[in-house]
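# Chains, contacts and geometry: an overview
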Amino acid sequence: MERNNQYFKRDISWLSFNYRVLLEADDDQLELYERINFISIYSSNLEEFYKIRVADHKAVASGATLSDEETVQSASELVEEINNEVNRQMEDRIRIYEHKILPALRKNHIIFYQNSHVEPFHQPFIRDFFREEIFPYLQPVPVSKGEIVSFLRDNRLYLAVRLLPKAQTDTLSVAPAASTGQAPFRYFVMKMPYSKVPRFIELPQHGGNYYLMFIEDIIKANLPLIFPGYEVDSSYCVKISRDADILIEDTTSSADLVEQVKKKVKKRKIGAVCRFVYDREMPQDFLDFLVDAFHIQRDELMPGGEHLNYEDLRYLPHPNKQIEKNEKPRPMKLNRLNEKESIFQYVDQKDLLLHYPYHAFEHFIHFLFEAVHDPSTREIMVTQYRVAENSAVINTLIAAAQNGKKVTVFVELKARFDEENNLATAEMMKAAGIHIIYSIPGLKVHAKVALVRRRSTHGEKVNSYAYISTGNFNERTATLYADCGLFTSNPIIVNDLLNLFRTLMGKKDPVFNRLLVARFNLIPELNKLIDHEMEQAKKGHFARIILKLNALQDPVMIDRLYEASQCGVQIDLIVRGICCLIPGQEYSRNIRITRIVDTFLEHARIWYFHNGGSPKLFLGSPDWMRRNLYRRIEAVVPILDHDLRLELIYMLKTQLSDNQKACFVDENLRNVFKYNATKKPIRAQYAFYKYLKRKNETHSQHTK
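To start, this report covers the structure provided alongside it. The structure presented is a predicted model; accordingly, all values stated were derived computationally and were not measured.

This part takes up the sheet that holds strand E8 (residues 273-279). Read across the open sheet, the 6 strands follow the order E2-E4-E3-E7-E8-E9; overall the sheet is mixed. Of all strands in the sheet, those with a lone pairing partner are strand E2 (141-143) and strand E9 (301-304), marking the two edges. Within the sheet, the average angular offset between the axes of one strand and its neighbour, ignoring direction, is 30°. Pairing of strand E7 (residues 230-242) with E8 involves 5 bridges; the strand directions are antiparallel. When the bridges of E8 are listed, Val 238 appears paired with Tyr 278. Here helix H2 (residues 32-61) sits on the sheet and contacts E7, E8 and E9; the angle it forms with E8, its principal contact strand, is near 135°. Sheet contacts for helix H9 (residues 284-293): E2, strand E3 (158-165), strand E4 (186-191), E7, E8 and E9; angle to E3, the most-contacted strand, approximately 115°.

As a further point, take the pattern of salt bridges. Scanning the model with the defined rule gives 42 salt bridges in all. Residues Asp 666 and Arg 670 are paired through a salt bridge, measuring 2.7 Å at the closest nitrogen-oxygen approach. A residue is classified by how much of its surface remains accessible, and Asp 666, at 10% relative accessible area, is buried.

On to unusual backbone geometry. Tyr 356 connects to Pro 357 through a cis peptide bond whose omega is 5°. Looking at where Pro 357 falls in the secondary structure, it is placed in the loop between strand E10 (352-356) and helix H11 (362-373). Phi angles above zero are rare outside glycine, and Asn 155 is one such case at about 60°. For His 295, which is not glycine, the phi torsion reads 55° and is therefore positive.

This paragraph deals with the environment of Arg 95. Along the polypeptide, Arg 95 turns up in helix H3 (residues 72-107). Arg 95 gets classed as partly exposed once you look at its relative accessible area, which sits at 30%. Through-space distance from the C-alpha of Arg 95 to that of Leu 498 is 54 Å; in sequence the pair is 403 residues apart. Residues contacting Arg 95, with those up to four places away along its chain left out, are Asp 26 and Lys 100.

With that out of the way, let us pick up the pairing of strand E24 (residues 616-620). The buried count for E24 comes to 4 of 5 residues, which makes it a mostly enclosed element. Across 5 bridges, strand E23 (residues 605-609) lies against E24 in antiparallel orientation. The residue of E24 that forms the bridge with Trp 607 is Phe 618. Where E23 folds back on E24, the antiparallel hairpin that results is connected by 6 residues, among which Asn 611 adopts a positive phi of roughly 55°.

Reading the values: the criteria
Residues numbered from 1 in each chain as written. Predicted model: local features only at pLDDT ≥ 70, side-chain atom pairs only at ≥ 80, totals over all residues. Heavy atoms only, no water. Pairing = 2+ DSSP bridges. Helix = DSSP H or I, 4+ residues; strand = E, 2+ residues; numbered from the N terminus. Axes fitted to C-alpha atoms, helices over the stretch in contact; angles between N-to-C directions. Contact = heavy atoms within 4.5 Å. Salt bridge = Lys/Arg side-chain N within 4 Å of Asp/Glu carboxyl O. Buried < 20%, exposed > 50% of the residue type's maximum accessible area, 1.4 Å probe, protein only.

Geometric values such as these leave the question of function open.
Below you can see the structure in the form of structure tokens.
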């Protein structure tokens, strides 16, 4: 088999995933504002994709960057392929928004004005609101070819306006101005004043209806007030996306690293242009003028709808409170872990597995809080990749340091888009007396782990505790992302985790007995597990692998799965995002790919190996991408508790049985829904929540 024919292109696969996100907005069964939110998520995802992935390819295509993985020509061809697919998806985004979302809003008595036309009964309000609330913050900037033009800021919405001096309109014939050859037009751009005025304006109710309007449409309706002496020819929204990837150079000095981060994050907003998005209704000569004036390359042009920056829809007001909302799972507190009981004492007896967002993240905060006040606590050690602003986790660690505990935190400064937040929290923790370890040169530390080391003041033996998770220590995302976290006092795992932290401090040649750690024993152990399933299949025994991942891209591990498939191993992949493995081929005939997009972002990494009927299960931080397996520090823990293994198996089987929000990814990267009218509807996220809720209630009854 030729390697080039064995893998989907990473970025084209990602676009297939993001299109699946968009399809949630097309689902009439979902609550209306949830559908609107999926348009926002789709748009936000696409914005980041262009600022990172497409910007990288464009840099290679222009010759500005050298790459071992692609040539100038292949990078240029890939950018064209990406743009073509995004243009195709944009047609669906416009269709869904204009022909499904807006009518659904109207059906619920919410009228969303979509252009500068305003009903007569709202015109006085619009005029007064514009004059009092918007006009003082507008700064029209003239645009002329061949002169220095205003800098267009990254991802900011601008209104481009074309005007004709009224003196010229009096003398022009019926022929359009553009065809006279005199080019009498004047051009201006105005940045929308979002910091002063909301994007969406609620208008007075009328006739039992609620009314909303984009701020740019209010401005369009009042352009003659901004430009007296001119006739307004037309106006259209435009925006620029800029390269947001920053290269942090390897350095052995923490001080140098901190200074690099401080300097380079400031340059993110002035990166090279990677796309120029414009209203597709803009006349060609208008577009040509802007392209020339702002020095836009033709391959950077991306047509959009009348309104841009649809990621802002997450802030759309909800004026009609009578719209029914679907009841979403709410984080539950475990009855066996109420605030009066010790998590330490529970974990002394049995490993504990939490499933976010179904379980409350407060249990992890309580775990740290207990460590703060436990006299036996010697040290708390935590990795920080992404934390919430004003983080309860960070505040608890600071309280621990102030309470005389030794606290060590490894801070990954290279976490993209979280560099500034991580730096700020690191400096705050350092000021509180916490020992901070910064990024390792050439590596990212992506492991999500915590360790509480204990030693009795009286000499008797006490347990220490390890926590290994698939998600970040972030209480905000813990309500949005579906993740798992394991608490254990197993001394071998605790010691392994201590060795991992010592490795982050510079210790060489660590030994891990239970933990699987990327760049050390992870790949060899994965190969052993796959080899064992292949051996079982060759002997005629049932063999199965289930991998739940966010992304599968590493060609070496994909080849191992192809090899296992050809031996007869049954392989189910539950991959939310990028999946470069191609199903439906002779070499992948026993592999199925399931993708689930629903209320919560599927983020957990869970691996199942049948192991001759004695299943082995693992959870941890890495996806099967080259960066995770070879260029990051990742941690994976085996699930040793029998009951917890059964719990994870139930989760995996439920997700594979989902026939509401799950789809197969076929050999053409299409999302083929698993809808089956003859079977009982199964929506995995909600089904698993009910399962956990029943278990919680059963435990409560048993303890009464």
